[in-house]
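# Structure assessment
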Amino acid sequence: MPYGMMRSVTRRLMLLDTASLYFRAYYGVPDSVRAPDGTPVNAVRGLLEFIERLVRDHRPDDLVACMDADWRPHWRVELIPTYKAHRVAEAHEPGPDEEEVPDTLTPQVPVIEEVLDALGIARVGVARYEADDVIGTFTARAEGPVDIVTGDRDLYQLVDDARGVRVLYPLKGVGTLRLTDEAVLREKYGVDGRGYADLALLRGDPSDGLPGVPGIGEKTAAKLLAEFGDLAGIMAAVDDPAAKLTPAQRKRLDEARAYVSVAPEVVRVARDVPLPDVDTALPRTPRDPAALEALGDRWGLGGSLRRLLSTLAV
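As the structure is a computational prediction, the values presented were derived from the model and not from experiment. (Residues numbered from 1 in each chain as written. Predicted model: local features only at pLDDT ≥ 70, side-chain atom pairs only at ≥ 80, totals over all residues. Heavy atoms only, no water.)

### Some points on helix α10 (residues 247-255)
Formally: For the exposure calls, accessible area comes from a 1.4 Å probe over protein chains only, and a residue counts as buried if that area is under 20% of its type's maximum, exposed if over 50%, partly exposed in between. Only DSSP runs of H or I with at least four residues qualify as helices, and only runs of E with at least two residues qualify as strands; both kinds are numbered from the N terminus onward. Directions drawn from the helix axis to the C-beta atoms are what define this arc.
All buried positions along α10 are accounted for by Gln 249, Arg 250 and Leu 253. Buried residues of α10, seen end-on, are gathered within an arc of 100 degrees and therefore sit on one face of the element. For α10, the exposed residues lying more than 90 degrees away from the buried face are Pro 247, Lys 251 and Glu 255.

Here you go:
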C-alpha cells in the first residue's frame with residue numbers, strides 16, 4: 001500500500017541509504033566480479049547480496065531504497081560553501097553538481113536502479129534533497145519501528161529508542177552490522193540521538209566539508225552538551241559570565257557564532273520532504289519478471305539475484 005496510508009504499528013520499515021551502501025559494496029567486492037561482456041558489476045552484486053542478508057536477518061514489512069536526487073543541495077551550500085566541496089567533480093549551475101565517483105562505479109548505478117525497479121523495491125529520491133533527508137522524512141512519518149541502514153554517521157541523529165528507530169551501521173564492507181541504539185550512542189559519543197547533530201556540528205566533519213568549531217573536539221563537545229543540554233544552551237552559556245566555560249572555550253565559541261548560526265540547517269536532516277506516493281511493501285514477487293530476467297542475463301547477476309528472489313518469496 002502507498003506509504004502514509006493506514007499501516008499497522010507492528011510493521012517494521014527498513015530504509016536504505018542506497019549510495020552509501022553501493023559505495024561500500026563497490027569497495028568490498030573485488031572488481032573481478034564482471035558481467036559476461038567484461039563490465040564490472042561488483043557494486044550491483046554486492047548490493048543485492050547485502051539486501052538479501054538484510055531481508056533474511058531482519059524481515060522488514062516495508063523497504064525503501066532512498067536515493068540522492070541531489071547529493072549537495074544548493075540550499076546547504078549557500079549556508080556553508082565548503083559543504084562537500086572537495087567531492088565535486090564538475091560544478092553545474094544551478095545544479096546539482098557532479099560528484100566524484102570511481103570510473104567503474106558510475107555505469108553500475110543505472111543498473112542498480114533498473115534492478116531495484118524490476119524487483120519492485122520502492123526507490124525514492126526527491127529533487128533538491130539528499131537521501132538523508134528522504135530517510136529523515138520517512139522516519140518522521142513512520143508509525144512503527146524503523147531500521148536505517150547506512151554507513152553515514154550523520155543519521156545517528158535519528159536514533160530514538162522510544163519510537164523504535166535504530167541504525168544498522170556496516171563495520172567492514174557490508175558484511176558486519178553494528179546495531180546502533182541510544183545506549184550505543186551514549187557509550188561511544190556521550191549523547192543520545194537528539195544530541196548527535198549538535199555534537200557533529202561542534203566537532204565538524206572533514207568528509208562533508210564541515211569545519212566545526214576550532215579547538216572543540218568530540219570529547220569536549222560531548223562534555224559541553226552534558227553540561228548545557230544542547231547547542232542553544234551552550235551558546236547561551238557563552239553570554240553568561242557565571243557559566244562553567246574555560247576562557248578558551250568561550251572565546252572559540254564566540255568567534256564561531258556565524259558558523260553556529262547556520263550549521264544546524266546544514267547538519268540536521270530535513271523531516272518535511274515532499275515524498276511521492278509509493279508502495280513501500282516488501283515485494284514477494286518481482287514487479288517485472290521479464291525485465292528482471294533480461295537484466296540478470298545481461299549483467300551476469302546469477303546467484304546474487306536468485307538468492308534475493310528466494311528470500312523475498314519466503
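### Examining the confidence of the model for the protein
Going by this rule: Residue-level confidence of the predictor is summarised by pLDDT, bounded by 0 at the bottom and 100 at the top. Any two residues having at least one pair of non-hydrogen atoms within 4.5 Å are treated as being in contact.
Within the protein, residue pLDDT values average 93, and 95% of them lie at 70 or more. Low pLDDT (under 50) marks residues 4-9, which in the prediction has nine contacts with non-local residues, meaning those over four places away or in another chain.

### Comments concerning the pairing of strand β6 (residues 146-149)
Rule in force here: The pairing criterion is simple: DSSP has to find at least two bridges between the two strands.
Side chains Val 146 and Ile 148 of β6 all project onto a buried face; the interleaved residues Asp 147 and Val 149 project onto the opposite face, where all are buried too. Direction of pairing for strand β1 (residues 13-17) relative to β6: parallel, over a ladder of four bridges. Across the sheet, residue Leu 13 finds its bridge partner in β6, namely Val 146.

### Quick look at the nonpolar core
Defined as follows: Nine residue types can take part in a nonpolar core, namely buried Ala, Val, Leu, Ile, Met, Phe, Trp, Tyr and Cys, and a core is a set of them joined through side-chain atoms within 4.5 Å.
By size, the foremost hydrophobic cluster in this structure holds 62 residues, and its most contacted members are Leu 15, Phe 138, Ile 148, Leu 202 and Leu 253. The biggest single contributor to this core is helix α7 (residues 193-203), with six residues. In this structure, Phe 50, Val 115, Leu 282 and Leu 301 belong to the second largest nonpolar core, which totals 38 residues.

### Overview of the sheet that holds strand β7 (residues 165-172)
Keep this limit in mind: What counts as an axis is a line fitted to C-alpha atoms, over the stretch in contact for a helix, and the angles between N-to-C directions run from 0 to 180 degrees.
The six strands are arranged β5-β2-β1-β6-β7-β8 in an open sheet whose pairing can be described as mixed. Both outer strands of the open sheet, β5 (122-124) and β8 (176-180), are each paired with one neighbouring strand and no more. Put simply, the sheet's adjacent strands are angled 25 degrees from each other on average, direction ignored. Across five bridges, β1 lies against strand β2 (residues 62-66) in parallel orientation. The residue bridging Leu 16 from the neighbouring strand is Ala 65, located in β2.

### Section: the packing of aromatic side chains
What counts here: Stacked, edge-to-face and tilted labels apply to pairs of Phe, Tyr and Trp rings (six-membered ring for Trp) whose centres lie within 6.5 Å, assigned for plane angles under 30 degrees, over 60, and everything in between, in that order. Over a ring means this: the NZ of a Lys or the CZ of an Arg is within 6 Å of the ring centre and within 35 degrees of the ring normal.
Applying the stated criterion to the full structure yields seven aromatic pairs. With a centroid separation of 5.8 Å and 50 degrees between ring planes, the pair formed by Tyr 156 and Tyr 169 is classed as tilted. Here the residue Tyr 156 occupies a position in the loop between β6 and β7, and Tyr 169 occupies one in strand β7, the gap between them amounting to 13 residues. Both residues of the pair, Tyr 156 and Tyr 169, count as buried. On the numbers, 6.0 Å between centres and 50 degrees between planes, the contact of Tyr 156 with Tyr 189 is tilted. Of this pair, Tyr 156 sits in the loop between β6 and β7 while Tyr 189 sits in helix α6 (residues 182-189); the two residues are 33 residues apart in sequence, bridging distant segments of the chain. Side by side, Tyr 156 and Tyr 189 carry an identical accessibility label, which is buried. Three or more aromatic residues joined by ring pairs make a cluster, and in this case those are Tyr 156, Tyr 169, Tyr 189 and Tyr 196. Cation over ring: Arg 24 sits above Tyr 169, and NZ or CZ is 5.4 Å from the ring centre. Over the ring of Tyr 129 we find Arg 128; its NZ or CZ atom is 5.8 Å from the centre of that ring.

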